[in-house]
Amino acid sequence: MRFSKLVLYFLILFNFFLSKLALSAGKAIEYPDKNWSFSSIFGTFDKASAQRGFQVYKEVCAGCHGMRLISYRNLAALGYNQDELKAIASQFEITDGPNDDGEFFTRPGRPSDKFASPYPNKKAAIAANGGAYPPDLSLIIKARPNGANYLHALLSGYIEPPKNMKVPEGMYYNKFYSGNLIAMPQPLYEDGIEYLDGTKASPDQMAIDVTTFLAWASEPELEERKQLGITVILFLIVFSILSYFSMRQIWAPIKNKN
Amino acid sequence: MSKPKFKNPVVNWIDYRLPIFTFMNHELNEYPTPKNLNYFWNFGSLAGITLVIMIVTGIVLSMNYTAHIDYAFDSVERIMRDVNHGWLLRYIHMNGASFFFIVVYIHIFRGLYYGSYKAPREILWILGVLILLLMMATAFMGYVLPWGQMSFWGATVITNLFSAIPLVGESIVTWLWGGFSVDNPTLNRFFSLHFVLPFVIVGVVILHLVALHRFGSNNPIGIDVQGKQDTIPFHPYYTIKDLFGLSVFATIFAAAVFFFPNFMGHPDNYIPANPMVTPAHIVPEWYFLPFYAILRAIPDKLGGVLFMFGAIMVLFVLPWLDKSSVRSSQFRPLYKLFFWFLVIDCIALGYLGAMPAEGIYVVLSRLATAYYFFHFLIILPLLPKIESTRPLPISISTPIITASSNASTVMAMREKK
């Protein structure tokens, strides 16, 4: 069986190696590795952090960035109860219609509504931001390589530009952004918001919290997936062992004859 | 007519008129199989099971998918977020494509190593290569359906290859697109074809099995079965072995689906397709990378396309390129060496396909491409002329007896008597 092990080893290595390379091609910037509550096999979202992250999103990011795939009702997964969800949703103005008179109208949000968008459409978003479209954040952690570490690094990466570098009008220097010039101004400042749970709102704390919140938004199924995965894998391991010994027993007469 | 064979009279009644039970008994139960198959012979049944998994998950996914450029991306996200266990279905289907190729590539390299393509199994092999081609077409079109950035740009790059065809190239591309760019008609027809091609694959798989059962499986020593002493019935011996193989495979597959579902995908495909923004690097899925490397290695567009398809075409004629009458590389020391060179070459091509097409990578891609064709077109036809093969065993039963007749088994056999 030495040959078989070799080939298997080769092909599995081949596959993983290549896919890793395919992802990392052309990306040389290293992001600090944060120990996220959700990154391990048994990982779950830190609910308190995600709730604070929602607050950061709501008070800082939501001015420019939409989250069109998320509904207020989805926030139940972060530990809000129905009344809280209704209260959260009703803070937002939702455009609805047309009504029986053919008119569009605004009304307070309901839990079933998608997150209210900061701009009526993409063109408006681009026009309001000097030609740069603030990307939708619903999937941002999955849509960037090493997403959680990247976002945390990016939010903490605003430093003074090198002396010989000219930063054009409307651009900002960020050491973790590809090309270092980003159209998003630094969003997080010391005590930029006041956390409802009294946590000190340092820029790093806010970056961690909003990353946790957005990681949940990208993969709301993560906890269920990992829990089910453990059950399935345990079952399959037991099943593999049983089928192995069944095989040994069935094959015993053939093996012994030789 | 033949005597009733089954205990159940209803089964007998049906079987007399429609001999489906005789057929199943013959092909799945008593089907004589060489008794020395190793674990590499598991990958055929694994490929078949993976195909069924893909079809079943695919049908359910299609019930929730919308093939329209404005809704495709969001309908996939709805599957991920709002459909009950939709994330599981989609991650199984998405990773299943990768695992399908892993299994099939191992299956193909097993065929290469043990000479399974040689007479009288040439048509069996050719049907297998046809399945690979169909799989590639299906996988490519499936990757377009979520309508992310890589979907769109991958489709643009690959369909544009056809414009290299002289004279009619541009018209063919317009015809494929159903318009003047990759757009809604393209997505619609890709969905339609992605749905139907797997059933074409099932058809070819059935032919593949018919051809297989004509002469039965090849085996690790590659000599023909001499008689009953060399074979065992498929059931229960290989059904249980396939079940064990399947459970190990399923464990690894489940680990990917539940814990690393996006490892083999590209993050850019979670960005909705945008014809105005080109991704920094357009990379195909990992299983196309060796072919992508060959495509880019050739400086001429048409040449690149011809060599890329040639890399598969050469497999169709492989049974006539390798003239050695010895099948298994266990008895072909030189072929064995070159087999491993080919494996390394294919891995190198895969690596190079993921790298940007610049500098040293271009040179290496050309060398690796040249060696790939050199292996099939020069080495294989010449090898029998210089290679001295090792003596073949008399039968499948003989080497097994000599190989394992160490003291303990001999003692055990004596004690039994």
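All residue numbers refer to position in the chain's written sequence, counted from 1. Numbering of ligands from 1 and lettering of chains from A proceed in the order in which they are written. Per-residue local features of the predicted model are confined to residues with pLDDT of at least 70, and side-chain atom pairs are confined, for both listing and counting, to 80 or more; whole-chain, interface and lining totals are unaffected and use all residues.

For the rest of this paragraph, the subject is the overall build of chain B. Counting its secondary structure elements, chain B contains 17 helices and two strands. Each of the 417 residues in chain B was classed as buried or not, and the buried ones make up 41%. We call two residues in contact when the distance between their C-beta atoms, placed using the backbone, is within 7 Å. Once local pairs closer than 6 in sequence are excluded, the contacts in chain B between residues at least 24 apart make up 77%. Strands are runs of DSSP state E lasting at least two residues, helices are runs of H or I lasting at least four, and both sets are numbered from the N terminus onward. For the exposure call, what matters is how many other C-beta atoms sit within 10 Å of a residue's own: 20 or more marks it buried, 12 or fewer exposed, and in between partly exposed, using C-beta atoms placed from the backbone.

Okay, the overall build of chain A next. Along its length, chain A carries seven helices and four strands. Going from N to C terminus, chain A has its helices and strands arranged as α-α-α-β-β-α-α-β-β-α-α. Classification of the 258 residues of chain A by burial places 30% in the buried group. Sequence separation of 24 or more characterises 61% of the internal contacts of chain A that already satisfy a separation of 6 or more.

What follows deals with the environment of Gly198 of chain A. All names here are of chain A. Within the element layout of this structure, Gly198 appears in the loop between strand 4 (181-182) and helix 6 (203-218). C-beta crowding within 10 Å serves as the criterion here: with 7 such atoms nearby, Gly198 is assigned to the exposed category. Residues Gly198 and Arg52, spaced 146 residues apart in sequence, show a C-alpha to C-alpha distance of 10.0 Å.

Below, the discussion takes up the domain arrangement of chain A. Note that the domain bounds reflect an automated or database-derived domain assignment. Annotation of chain A at the domain level lists domain 1 (45-70 + 114-220) and domain 2 (231-258). Of note, the centres of domain 1 of chain A and domain 2 of chain A, computed from C-alpha atoms alone, are 52 Å apart.

As used throughout, a nonpolar core is a set of buried Ala, Val, Leu, Ile, Met, Phe, Trp, Tyr and Cys residues joined through C-beta atoms within 7 Å of each other. With 83 residues, the main nonpolar core has Phe100, Val103, Ala293, Ile294 and Leu349 of chain B as its most contacted residues. Counting residues per element, this core draws most heavily on helix 5 (residues 86-113) of chain B, at 15 residues. Setting aside residues up to four positions removed in sequence, Leu349 of chain B forms contacts with Pro290, Ala293, Ile294, Ala368 and Tyr372 of chain B. In this structure, Val56, Ile70, Phe115 and Val210 of chain A belong to the second largest nonpolar core, which totals 42 residues.

Looking now at the interface of chain B and chain A. Contacts between the two partners involve 50 residues from chain B and, on the opposite side, 42 residues from chain A. Secondary-structure elements contributing two or more residues to the side of chain B that touches chain A are helix 4 (72-81), helix 5, helix 10 (234-259), helix 14 (333-354) and helix 16 (397-404) of chain B. Ranked by residues supplied to the side of chain B that touches chain A, first place goes to helix 10 of chain B with 14 residues. In the scheme used here, Gly and all other residues not listed as nonpolar or charged are polar, with Ala, Val, Leu, Ile, Met, Phe, Trp, Tyr, Cys and Pro taken as nonpolar and Asp, Glu, Lys and Arg as charged. Looking at the side of chain B that touches chain A residue by residue, the classes come out as 38 nonpolar, eight polar and four charged.

This part takes up the environment of Tyr195 of chain A. Residue and element names in this part refer to chain A. As for its placement among the helices and strands, Tyr195 is situated in the loop between strand 4 and helix 6. Expressed as a C-alpha distance, the spacing of Tyr195 and Arg52, which sit 143 residues apart in the sequence, is 6.7 Å. Look past the residues within four positions of Tyr195 in its chain and what remains in contact with it is Arg52, Gln55 and Ala201.

What follows covers unusual backbone geometry. With omega at 0°, the peptide bond leading from Gly97 of chain A into Pro98 of chain A counts as cis. With respect to the helices, strands and loops of the structure, Pro98 of chain A is situated in the loop between strand 1 (93-96) and strand 2 (105-108). Here His235 of chain B and Pro236 of chain B are connected by a cis peptide whose omega angle stands at 5°. Position of Pro236 of chain B relative to the elements: it lies in helix 10. Positive phi, normally seen in glycine, also occurs at His85 of chain B, with a value near 55°. For His85 of chain B, the position within the fold is in the loop between helix 4 and helix 5. A positive phi is found at Leu167 of chain B, a non-glycine position, where the angle reads about 65°.

Below, the discussion takes up the confidence of the model for chain B. Residue and element names in this part refer to chain B. Per residue, pLDDT measures the predictor's confidence, with a range of 0 to 100. Mean pLDDT over chain B stands at 93; residues scoring 70 or higher make up 94%. For the stretch residues 400-417, pLDDT sits under 50, and the model shows seven contacts to residues farther than four places along the chain or on other chains. We note a pTM of 0.91 for the whole complex and an ipTM of 0.89 for its interfaces.

Assignment of secondary structure puts Trp175 of chain B in helix 8 (residues 169-177). Sequence separation of Trp175 of chain B and Phe374 of chain B is 199 residues, and the distance between their C-alpha atoms is 36 Å.

Turning our attention to the packing of helix 6 (residues 122-144) of chain B against helix 9 (residues 184-215) of chain B. Residue and element names in this part refer to chain B. Lines are fitted to the C-alpha atoms to define the axes, a helix being fitted only along its stretch in contact, and any angle between axes, read from their N-to-C directions, falls within 0 to 180 degrees. Where helix 6 contacts helix 9, the axes come no closer than 9 Å and their chain directions differ by 160°. It follows that helix 6 is roughly antiparallel to helix 9 by the angle criterion. Pair helix 6 / helix 9 crosses with left-handed handedness. A per-class count over the contact of helix 6 with helix 9 returns 22 nonpolar, five polar and no charged. Geometric relationships in this document are graded by angle, where less than 35 degrees denotes roughly parallel, more than 145 denotes roughly antiparallel, 65 to 115 denotes roughly perpendicular, and other angles denote oblique. Crossings are sorted by hand: turned counterclockwise from the far helix by less than a right angle, the near helix makes the crossing left-handed, and turned clockwise it makes it right-handed.

Turning to the packing of helix 7 (residues 222-257) of chain A against helix 10 of chain B, a few remarks are in order. In contact at an axis separation of 8 Å, helix 7 of chain A and helix 10 of chain B are set at 160° when each is read in the N-to-C sense. In terms of orientation, helix 7 of chain A lies roughly antiparallel with respect to helix 10 of chain B. Relative to helix 10 of chain B, the crossing made by helix 7 of chain A is left-handed.

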